[in-house]
Amino acid sequence: MGDTGGLNSSLAASPSQEEQRCPVRQWGVAKPLSLAGPSDADVLRNRELEKYLADAGLYESDEEATRREEVLSKLKQIVKGWVKDLTRLRGYTDQMVEDANAVILTFGSYRLGVHGPGADIDTLCVGPSYVSKEEDFFYVLHNNLAEMEEVTELQPVPDAHVPVMKFKFDGISIDLLYASISLLVVPDNIDISDISVLHNIDEATVRSLNGCRVADQILKLVPNVENFRTALCCLKLWAKKRGVYSNVTGFLGGVNWAILVARLCQFYPNANPSMLVSRFFRVYTLWRWPNPVMLCDIEDEELGFSLWDPRKNPWDRNHVMPIITPAYPCMNSSYNVSASTLRVMMEQFQFGKKVCEDIELKKTPWSTLFEPYLFFDDYKNYLQVDIVAADFDDLRAWKGWVESRLRQLTLMIERDTFGKLQCHPYPNDYSDHSRSCAHCAFFMGLKRKAEEAVQEGQQFDIRQSVDEFRHQINSYLYWKPGMEIYVSHIRRKQIPSFVFPDGYKRSRQSQPSNQQPLDKDSHDPCEPGTSSSRVLKRRKDSCELESSASPDNQAPLHQPTSSETADAMKEDAIEDAPHLFGDTSQTIAMESGDDEASEEPVQSNAISGSRMSLASTA
């Protein structure tokens, strides 16, 4: 049947007489679902869509585009000089020094032509075989960059799955990868798509090269590049507005969205962008996951690299939403997706499908499609993960490490509750600027699986999940004093005020909250005198699970009367008050119904809610 994800024939238009007479060109691994072009109504809708995208500031100015080109030109000269210096130091001949070279290639949104204002540039430095990643790239080049005035916020990440150096050059964000290939001299016109580039290199280098190879293949495999770009820009904006754009937290990142849109372009090769956006939601709400999305057949070039193949590889059978890269070695680019995040994305695809149907019926404008998702109105229970550090440079590194592990917390909770408790990690982070130290917070929505029968007083114990998460966080090799993390279970009414921007209007009517804010001076981990003593205690025994609400270092919580307790239990549908982290219960009670129909966030400068503190250790 080909790569149609189990789609039925309802998505395919009946072939016209001309289509029946002429052979149909096949894009990808299956024939198109329709060769129909835009109608007059489609052309009008497309104009309206492109106007909306332009008004939304989706496209960068000519001035910024020129600055990016200038930065890339300077970066090319820097890496060429770096390689020539290394060649000279290693005693190569004058001719070798003259010929020594490294090239800068781009990939990601910049290479695909779908980047917006302020977006970073994903770049790859390809160097000769004698220039190493570990010593030459992450030490020598790093030091060269650190001495340049134009370079700021330099952050090497050598232990990442794909090692990268992050920095800003003249204010432009750069993610720089390195690949050493088996050539003594790298030509300026190197064809990165040529299979010979992969000869005699390891899998880590292949991963670094893969971004450029995949981007080039995507552009070769779509029928109309401009239509592809406009549709992809639109859907990336939609995904960010709806909270489903983030590979690291288990949703989809740039390359995932690009492959999904490219496959849609293959299904509808003559469709304009507005048609592609509408059909995107029709196709992927009906897609029968885990059938894979592929732009081309998977081919084995027999160089010994592993390929995505669930028939041979047991671990590939666990992927719930496989989106396969089109360049050898073909991999699943969406292995981060979990059952919970797939559920969230399918709900958002249904939302998009319904709105696009209304747009086609002229019931609503395009702006409706991009209305922000009200995450903090959608759940009764949340996990709040607060991250603090001594300064913003430390926070940047600490936050990146914690964020890269949040997906594991989602998987652990799913595993330990047998899939009955579903997690929705929200990709956005929020900062409380009233704190005396650098701070940000992540949130996860929690709810019982819809198909599960409701059991009165049912509770979910996730102590093991959070403890395992704690041990993963504690393995951070670059821990510094001041780096701390706090996890708490909060109800909707306890959501801290710093997550809501000025002018935000909640969809629920407000009512007074019974939650008592904790005393700021004794609870805020940023405060000197409280944080240092806790750090010392954690450093002595990092495996001990302690409550930040303990009598030794915490102001006492408000002690409710029996009538207040009864009211709170009725209102919150909680079996045991108070809350999950900070007492010994460490369970989440889930009841049917929604007794919190109208609540305001707690106004508090302290971290709200009882708290379990996770120690950080070097």
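Just so we're clear, the structure is a prediction, and the values are computed from it rather than from any experiment.

### Looking at the packing of helix H10 (residues 273–286) against helix H11 (residues 339–360)
Part 1 of the argument: Where H10 contacts H11, the two axes come as close as 8 Å, and the packing angle between them is 140°. In terms of orientation, H10 lies oblique with respect to H11. Viewed along their axes, H10 and H11 form a crossing whose handedness is left-handed. Judged by residue contacts, Val-277, Ser-278, Arg-279, Phe-280, Phe-281, Arg-282, Tyr-284 and Thr-285 of H10 engage Met-346, Phe-349, Gln-350, Gly-352, Lys-353, Cys-356 and Glu-360 from H11.
Part 2 of the argument: Its residues placed into classes, the contact of H10 with H11 shows 7 nonpolar, 4 polar and 4 charged.

### Some thoughts on the nonpolar core
Part 1 of the argument: Formed by 98 residues in total, the largest nonpolar core has its most connected members in Val-126, Leu-209, Phe-228, Trp-257, Phe-280 and Tyr-284.
Part 2 of the argument: Apart from the residues within four sequence positions on either side, Trp-257 is in contact with Leu-232, Trp-238, Ala-239, Val-244, Tyr-245, Leu-252, Phe-280 and Phe-349.
Part 3 of the argument: In this structure, Ala-389, Trp-398, Leu-409 and Cys-423 belong to the second largest nonpolar core, which totals 30 residues.

### Observations regarding the state of the cysteines
Part 1 of the argument: Taken as a whole and assessed by the stated rule, the structure comprises 0 disulfides.
Part 2 of the argument: With no disulfide partner, Cys-233 has as its closest neighbouring cysteine sulfur the one in Cys-234, 8.7 Å distant.

### So, the packing of helix H8 (residues 225–241) against H10
Part 1 of the argument: Following both chains from N to C, one finds H8 and H10 inclined at 50°, their axes separated by 9 Å at the closest point. When the interaxial angle is binned, H8 and H10 end up oblique. In terms of crossing hand, the pair formed by H8 and H10 is right-handed. Listed contacts from H10 to Asn-227, Thr-230, Ala-231, Cys-234, Leu-235 and Trp-238 of H8 are Pro-273, Leu-276, Val-277, Phe-280 and Phe-281.
Part 2 of the argument: Grouping the constituent residues of the contact of H8 with H10 by class yields 9 nonpolar, 2 polar and no charged.

### Re the sheet that holds strand E3 (residues 151–157)
Part 1 of the argument: Strand order in the open sheet formed by 5 strands is E1-E2-E5-E4-E3, and the pairing between neighbours is mixed. Unpaired on one side and paired on the other, strand E1 (103–107) and E3 mark the two borders of the sheet. Strand-to-strand twist of the sheet, defined as the mean angle between neighbouring strand axes without regard to direction, takes the value 25°.
Part 2 of the argument: Relative to strand E4 (residues 164–169), E3 is paired through 5 bridges, and the arrangement is antiparallel. Its bridge partner lying in E4, Thr-152 is registered against Lys-168.

### Focus: helix H12 (residues 392–416)
Part 1 of the argument: Across its 25 residues, H12 extends 35 Å between first and last C-alpha, which sits within 8% of the 36 Å expected from 1.5 Å per residue.
Part 2 of the argument: Of all the bends in H12, the largest measures some 30° and sits at Arg-405.
Part 3 of the argument: Capping the start of H12 is the job of one residue whose side-chain oxygen sits 3.2 Å from the backbone nitrogen of Asp-393: Asp-391.
Part 4 of the argument: After H12 finishes, the residue Phe-418 shows a positive phi value of roughly 55°.

### Let's talk about the pairing of E1
Part 1 of the argument: For E1, a buried count of 5 out of 5 residues is recorded, marking the element as mostly surrounded by other parts of the structure.
Part 2 of the argument: Here E1 shows a buried face lined by Val-103, Leu-105 and Phe-107 and a second buried face lined by Ile-104 and Thr-106.
Part 3 of the argument: Pairing geometry for E1 and strand E2 (residues 121–127), over 5 bridges, is antiparallel. From the neighbouring strand, Thr-106 faces E2, where its bridge partner is Thr-123.

### Quick look at the pattern of salt bridges
Part 1 of the argument: Under the counting rule described, the total for this entry stands at 26 salt bridges.
Part 2 of the argument: Put simply, Arg-282 and Glu-360 hold a salt bridge, and the shortest N to O gap is 3.0 Å. Taken together, the positions of Arg-282 in helix H10 and Glu-360 in helix H11 put the pair 78 residues apart, joining distant regions of the chain.
Part 3 of the argument: By relative accessible area, which is 27% here, Arg-282 ends up partly exposed.
Part 4 of the argument: Between Arg-415 and Glu-468 there is a salt bridge, with its nearest N and O atoms 2.6 Å apart. Of this pair, Arg-415 sits in helix H12 while Glu-468 sits in helix H13 (residues 463–473); the two residues are 53 residues apart in sequence, bridging distant segments of the chain.
Part 5 of the argument: With relative accessibility at 40%, the residue Arg-415 sits in the partly exposed group.

### Brief notes about the confidence of the model for the protein
Part 1 of the argument: On average, residues of the protein carry a pLDDT of 81, and 77% of them reach 70 or more.
Part 2 of the argument: Low confidence marks residues 528–586, where pLDDT is under 50. Its contacts with residues over four positions away, or in another chain, come to 120 contacts.
Part 3 of the argument: A low-confidence stretch, residues 591–618 stays under pLDDT 50, and its non-local contacts, those more than four residues away or across chains, total 133 contacts.

### Considering the environment of Val-197
Part 1 of the argument: Turning to its location among the elements, Val-197 is positioned in the loop between strand E5 (172–180) and helix H7 (203–221).
Part 2 of the argument: Placed 16 residues apart in sequence, Val-197 and Ile-181 show a C-alpha to C-alpha distance of 6.7 Å.
Part 3 of the argument: Residues in contact with Val-197, not counting those within four places in the same chain, are Ile-181, Ile-190, Asp-191, Ile-192 and Leu-209.

### Some words on the pairing of E5
Part 1 of the argument: Counting buried residues along E5, 8 of its 9 residues qualify, which places the element largely inside the surrounding structure.
Part 2 of the argument: Both E2 and E5 contribute to a ladder of 7 bridges, which runs parallel. Pairing of Gly-127 across the sheet is with Ser-180, part of E5.
Part 3 of the argument: Relative to E5, E4 is paired through 5 bridges, and the arrangement is antiparallel. Pairing of Lys-168 across the sheet is with Ser-173, part of E5.
Part 4 of the argument: Between E4 and E5, which pair antiparallel in sequence order, lie 2 residues; one of them, Asp-170, sits at a positive phi of approximately 55°.

### Points about a negative patch on the surface
Part 1 of the argument: Taken together, the side chains of Asp-297, Glu-299, Asp-300, Glu-301 and Glu-302 present a region of like negative charge at the surface.
Part 2 of the argument: Inspection of the secondary structure assignment puts Glu-299 in the loop between H10 and H11.

### Quick notes on helix H6 (residues 133–146)
Part 1 of the argument: Here H6 spans only 17 Å end to end across 14 residues, well under the 20 Å set by a 1.5 Å rise per residue.
Part 2 of the argument: Looking at H6, one finds that the buried residues are Lys-133, Asp-136, Phe-137, Phe-138, Leu-141, His-142 and Leu-145. The arc that holds the buried residues of H6, viewed along the axis, is 165°, so those residues lie on one side. H6 presents Glu-134, Glu-135 and Tyr-139 as exposed residues on the side facing more than 90 degrees away from its buried surface.

Conventions used here
Residues numbered from 1 in each chain as written. Predicted model: local features only at pLDDT ≥ 70, side-chain atom pairs only at ≥ 80, totals over all residues. Heavy atoms only, no water. Axes fitted to C-alpha atoms, helices over the stretch in contact; angles between N-to-C directions. Helix = DSSP H or I, 4+ residues; strand = E, 2+ residues; numbered from the N terminus. Parallel < 35°, antiparallel > 145°, perpendicular 65-115°, else oblique. Left-handed = near helix turned anticlockwise from the far one by under 90°. Contact = heavy atoms within 4.5 Å. Nonpolar A, V, L, I, M, F, W, Y, C, P; charged D, E, K, R; others polar. Core = buried A, V, L, I, M, F, W, Y, C linked by side-chain atoms within 4.5 Å. Buried < 20%, exposed > 50% of the residue type's maximum accessible area, 1.4 Å probe, protein only. Disulfide = S-S within 2.5 Å. Pairing = 2+ DSSP bridges. Expected span 1.5 Å × (residues − 1). Bend = angle between axes of the 7 residues up to and from the residue. Polar contact = N/O pair within 3.5 Å; in protein donor to acceptor, adjacent residues only side chain to side chain. Salt bridge = Lys/Arg side-chain N within 4 Å of Asp/Glu carboxyl O. pLDDT = per-residue confidence, 0-100. Patch = residues over 30% accessible without salt bridge, like charges linked within 9 Å, V, L, I, M, F, W, Y side chains within 5 Å. Areas by Shrake-Rupley, 256 points an atom, 1.4 Å probe, with all protein chains shown as cover. Lys, Arg positive; Asp, Glu negative; His and termini not counted. Charge placed at Lys NZ, Arg CZ, Asp CG, Glu CD. Arc of directions from axis to C-beta.

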